[in-house]
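Summary of the model geometry
Below, each chain spelled out in residue letters.
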Amino acid sequence: MKMTYREAIRQAMHEALAADPRVFLMGEDVGKYGGTYACSKGFLEEFGPERIRDTPLSELGFVGAGIGAALGGLRPIVEVMTVNFSLLALDQIVNTAAALRHMSGGQFSVPLVLRMATGAGRQLAAQHSHSLENWYAHIPGIKVLAPATIADARGMLGPALADPDPVVIFEHAQLYNLECELPGDWQCDIASAALRRAGTDISLITYGGSLPKALAAADQLAAESINVEVIDLRVLRPLDTATIAASLRKTHKAVVVDEGWKSGSLAAEVMARILEDCFFDLDAPVARVCSEEVPIPYAKHMEEAALPQVPKIVAAVKQVLGK
Amino acid sequence: MTVPYAKDFAQKLLFDMLRIRRMEEKCAELYGEQKIRGFLHLYIGEEACAVGALHALAAEDNIVATYREHGHALVRGVSMNAIMAEMFGKSAGCSSGRGGSMHLFDAATRFFGGNAIVGGGLPLAAGFALADKLQGKQRVTACFFGEGAMAEGAFHESMNLAALWQLPVLFCCENNLYAMGTALARSEAQTDLCAKAGSYGVPTLKADGMDIVAVHEAMKLAARHVRDGLGPFFLELQTYRFRAHSMFDPELYRDKAEVEEWKTRGPLHTFSARLKAEGKLTEEEFLALDAQANAEVQASVDFAEAAPWEPVEDLLKDVHTP
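**Some thoughts on the side chain of Arg101(A)**
- Relative to the elements of secondary structure, Arg101(A) occurs in helix H6 (residues 100–103).
- Side chain to side chain, Arg101(A) and Ser109(A) meet in a polar contact 2.9 Å long.
- Setting aside residues up to four positions removed in sequence, Arg101(A) forms contacts with Gly106(A), Gln107(A), Phe108(A), Ser109(A), Asp165(A), Asp318(B), Val319(B), His320(B), Thr321(B) and Pro322(B).

**Things to note about the interface of chain A and chain B**
- Counting residues at the interface gives 41 residues for chain A, matched by 36 residues for chain B.
- Taken together, the two surfaces of chain A and chain B that pack against each other cover about 3100 Å², and 64% of this comes from carbon and sulfur.
- Our count for the contact surface shared by chain A and chain B stands at one salt bridge.
- In this structure, the connection of chain A to chain B is made through 17 residue pairs in polar contact (both at pLDDT 80 or more).

**Details of the packing of aromatic side chains**
- Counted by the stated rule, this structure contains 18 aromatic pairs over all chains.
- Their ring planes at 55° and their centres at 6.2 Å tell us that Phe145(B) and Phe155(B) sit as a pair that is tilted. One end of the pair, Phe145(B), is in strand E3 (residues 141–146); the other, Phe155(B), is in helix H6 (residues 153–164), with ten residues separating them in the sequence.
- Relative to Tyr240(B), the ring of Tyr178(B) has its centre 6.4 Å away and its plane inclined at 80°; by these criteria the two rings are edge-to-face. Taken together, the positions of Tyr178(B) in strand E5 (residues 178–179) and Tyr240(B) in the loop between strand E8 (233–238) and helix H10 (256–263) put the pair 62 residues apart, joining distant regions of the chain. No difference in accessibility class separates Tyr178(B) from Tyr240(B), as the two residues are buried.
- Stacked on the ring of Trp186(A), the Lys or Arg Arg154(A) has its end atom at 4.0 Å from the ring centre.
- Seen from the ring of Trp309(B), Lys90(B) lies directly overhead, with NZ or CZ sitting 4.6 Å from the centre.

**Things to note about a nonpolar patch on the surface**
- Where nonpolar side chains cluster on the molecular surface, the patch consists of Leu275(A), Phe279(A) and Phe280(A) and spans about 400 Å² of accessible area.
- Along the chain, Phe280(A) falls in the loop between helix H12 (266–278) and strand E14 (287–291).

**Focus on the domain arrangement of chain A**
All names here are of chain A.
- For chain A, the domain assignment lists domain 1 (2–181) and domain 2 (194–321).
- A C-alpha centroid distance of 26 Å is found between domain 1 and domain 2.
- Counting from both sides, the interface comprises 30 residues of domain 1 and, opposite them, 26 residues of domain 2.
- For the domain 1 and domain 2 pair, buried surface summed over both sides reaches about 2100 Å², with 59% attributable to carbon and sulfur atoms.
- When the buried surface of domain 1 facing domain 2 is broken down by residue, Gln123, Asn134 and Ala146 rank first, second and third, together holding 24% of it.
- Applying the counting criterion to the domain 1 and domain 2 interface returns two salt bridges.
- A salt bridge links Asp152 to Arg196; the shortest N-O distance between them is 2.9 Å.

**Quick notes on the sheet that holds strand E13 (residues 254–261) of chain A**
All names here are of chain A.
- Spatially, five strands are ordered E9-E11-E10-E13-E14 in an open sheet, and the strand pairing comes out mixed. Two strands bound the open sheet, and with one partner strand each, they are strand E9 (194–197) and E14. The sheet shows a mean angle of 25° between the axes of neighbouring strands, taken without regard to direction.
- Together, strand E10 (202–206), E13 and E14 form the strand contacts of H12, whose direction differs from that of E13 by roughly 155°.

**Considerations on the pairing of strand E7 (residues 167–172) of chain A**
All names here are of chain A.
- Of all six residues in E7, six are buried, a share of seventy percent or more.
- Alternating residues of E7 divide into Val167, Ile169 and Glu171 and Val168, Phe170 and His172, and every residue in both groups is buried.
- The pairing of strand E5 (residues 113–118) with E7 spans six bridges and is classified as parallel. Residue pairing across strands places Ala117 opposite Glu171, the latter belonging to E7.

Reading guide: rules and limits
- Residues numbered from 1 in each chain as written.
- Chains lettered and ligands numbered in written order.
- Predicted model: local features only at pLDDT ≥ 70, side-chain atom pairs only at ≥ 80, totals over all residues.
- Heavy atoms only, no water.
- Helix = DSSP H or I, 4+ residues; strand = E, 2+ residues; numbered from the N terminus.
- Polar contact = N/O pair within 3.5 Å; in protein donor to acceptor, adjacent residues only side chain to side chain.
- Contact = heavy atoms within 4.5 Å.
- Buried area = accessible area lost by both parts, 1.4 Å probe.
- Salt bridge = Lys/Arg side-chain N within 4 Å of Asp/Glu carboxyl O.
- Phe/Tyr/Trp six-rings, centres within 6.5 Å; stacked < 30°, edge-to-face > 60°.
- Buried < 20%, exposed > 50% of the residue type's maximum accessible area, 1.4 Å probe, protein only.
- Lys NZ or Arg CZ within 6 Å of the ring centre and 35° of its normal.
- Patch = residues over 30% accessible without salt bridge, like charges linked within 9 Å, V, L, I, M, F, W, Y side chains within 5 Å.
- Areas by Shrake-Rupley, 256 points an atom, 1.4 Å probe, with all protein chains shown as cover.
- Domains from an automatic or database assignment.
- Pairing = 2+ DSSP bridges.
- Axes fitted to C-alpha atoms, helices over the stretch in contact; angles between N-to-C directions.

Okay, here's the thing in structure tokens:
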């Protein structure tokens, strides 16, 4: 069955709401408006205002309330419109949700799922376009997911809700309209990275909105007889280092593609792990393609220039291969 | 006003205040001996608030508190042994030694911390109340915070959510006049805290936080309102901390005369004097209660001293649920 990424997210939430009365959805414009990205269209009519809860513009307040509700026995899905706005709730996420289990000596788990859009590409400029997944991936106590395929959009929410600890799900805004066949085996774990394309010459390691770009680069390079392997991290915390290492032992070369800024990026963490675990397997220095170090600009040509793009990925691969 | 309680309950209130006082005096001493480290925020002077308030709540209610929460934890029923061991950093502590003085937690008594981000507990309390409302539970979530928290956005966001959704949460502000070293009037344009909270359409009440009877009666009224499903309530307890903000505070921001003036209203000696005047307490009974409190403190110190250190191999435990 063909479906969009948006519809896959919607179906996953619908299934969870229908299956478990403890599950409810809360966030800005999730109800009457149907969700900023229309992921909860029709839910208000079907599940009612108690479980499809429109909130005021109070990210700190309603994310904190989500934590409290999770502690109180419910399974909240809290939607924050974008990662940029989630900064207003960062205190509750980092100082409470992530820390509570540890600082209470293991007495309290926080089964909270936080969903938020991330990423650039729609000319929304410097306050709606950033990729801050790595900030969250830095924090012990939370899991960080980045579904980049229809199957993961459909499959990741279930295990995230079943997880007793806080899970943050990043949905790249450029992916919502992505449409393709939903495979029969869409059910998945939230622990492992995935091999999206097998290859032998070099590993392209990426996640989220950069996955389609990495796959397009791999197609283009295949036409030049360069056989690229593409790894989709999927889970940004904890990182599945074993899958990365297995790929590197085969290809001996890697380029990391990450829409975050280069300095302190998730790409930097992946590269560090490659150095720690695969140094003697490497045939060339590891390279990366990240966003340029500039707040994302409005003008289309400038925004495009700021982000990882297929030609940049192709060039980075060729450089590592010495071609 | 006559103390409207039978002798047993009146003495119970006094005894709980004594337990907090004696425990914390010992904590200050142990801090000097470096047995307790980190930040230590004493509640001395404010005991009537926790004791009066918590005795108005039921076992099934939720408590969310701040980093000045030793008293609340103790009165709620967390054992002094577990509190003391926590401050020593021992795994026998109520947070397994991972929290310390500022992060006392106890699932058994529904004591949810121990929050050291000013205002951080308020959204959480709204969430507990939301969970109870959605699950049809007639439970009160009591959220304690200082007046300093009322300058935080979290206060406004939480009041709005609680009022908008008519959540069963009791916001209990312990106004001790200073946010660390900043006096209320130096940080708030509106110093009438009830006016501030009341602007959300939430009913409010002010009570003398140095008078345990006033606190207990106000809290009973507030808790009944919340339990009856009439929505949130804001209670301001006007109190004063006799000791420094933390153990590192040289108290440059207030006059000694002001502290001395407030000490004349101290909740322990004023309440015991009232009970004596009403024939509900003799000096011998007072001394016996005090001795009992001191014995409990000494036993808790012995317990904490004797408790083993958690092995370092356990360091990464309890980051995630196994």
